[in-house]
Amino acid sequence: MRKKEKDLFFQKVSELPCLVCGRRATIHHVTGYADRMGRVSRRHDRVVPLCPTHHQIQWGPRESVEALGHRGFYQLHGIDLMAEAERLAIKYLETKEN
């Protein structure tokens, strides 16, 4: 992915609301699966919008993907982050009418 394409994609994804609560989001690189153990390499076409509460490790209730892992995040929130990342990549990267 070229830098210009990556930057535009990141901009579009970061403008979307958090997948969990709808608040302002940051970019999360998806590196795990909802349905099985294992990790995948970090790639710039596998990102989703998550607010800081649902993205980063926090002290208190464990709600974030960093605190729970991708499987735990799916179990708690019912959101398959890999599937969402793939959907966003198809929507914004594979169409010419961005």
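Chains are numbered independently. Their residues run from 1 in the order of the written sequence. For this predicted model, a pLDDT threshold of at least 70 governs which residues receive local features, and a threshold of 80 or more governs which side-chain atom pairs are given and counted, while totals over whole chains, interfaces and linings are taken from all residues. Hydrogens are left out, water is left out, and the side-chain values use all remaining heavy atoms of the structure.

A. Local environment of the overall build of the protein chain. Helical segments are the DSSP runs of H or I of at least four residues, strand segments are the runs of E of at least two, and each set is numbered from the N terminus. The helix and strand inventory of the protein chain stands at 4 helices and 2 strands. Taken from N to C terminus, the helices and strands of the protein chain fall in the order α-β-β-α-α-α. It is over C-alpha atoms that the radius of gyration is taken, and the globule rule equals 2.2 Å times the number of residues to the power 0.38. By the compact-globule yardstick of 13 Å for 98 residues, the protein chain fits well, its C-alpha radius of gyration being 13 Å. Any residue under 20% of the maximum accessible area for its type is buried, any over 50% is exposed, and the rest in between are partly exposed; the area is computed with a 1.4 Å probe on protein chains only. Residue burial in the protein chain is summarised as follows: out of 98 residues, 39% are buried.

B. Region of the structure containing the packing of aromatic side chains. The pairing test for Phe, Tyr and Trp rings, Trp by its six-membered ring, is centres within 6.5 Å, and the orientation test on the planes gives stacked under 30 degrees, edge-to-face over 60, and tilted for anything in between. One pass over the structure, following the stated rule, counts 1 aromatic pair. Where phenylalanine 9 meets phenylalanine 10, the ring centres are 6.5 Å apart and the plane angle is 45°; that geometry is what we call tilted. On the basis of relative accessibility, which here comes to 2%, the residue phenylalanine 9 falls in the buried class.

C. Main features of the side chain of histidine 28. Within the secondary structure, histidine 28 is located in strand E1 (residues 26-29). Polar contacts involving the side chain of histidine 28 include one to the side chain of histidine 70, which spans 3.2 Å. Aside from chain neighbours lying at most four places away, what touches histidine 28 is Arg46, Val47, Val48, Leu50, His55, Val65, His70 and Leu81. Nitrogen and oxygen atoms within 3.5 Å of one another constitute a polar contact, given that in protein one can donate a hydrogen and the other can accept it, and given that sequence-neighbouring residues count only through two side-chain atoms. Residue contacts are counted whenever heavy atoms from the two residues lie within 4.5 Å of one another.

D. Representation of the side chain of lysine 6 in the model. Checked against the element boundaries, lysine 6 lands in helix H1 (residues 3-14). The class for lysine 6 is buried, based on a relative accessible area of 18%. Not counting residues within four places of it along the chain, the set of residues in contact with lysine 6 comprises Met1 and His44.

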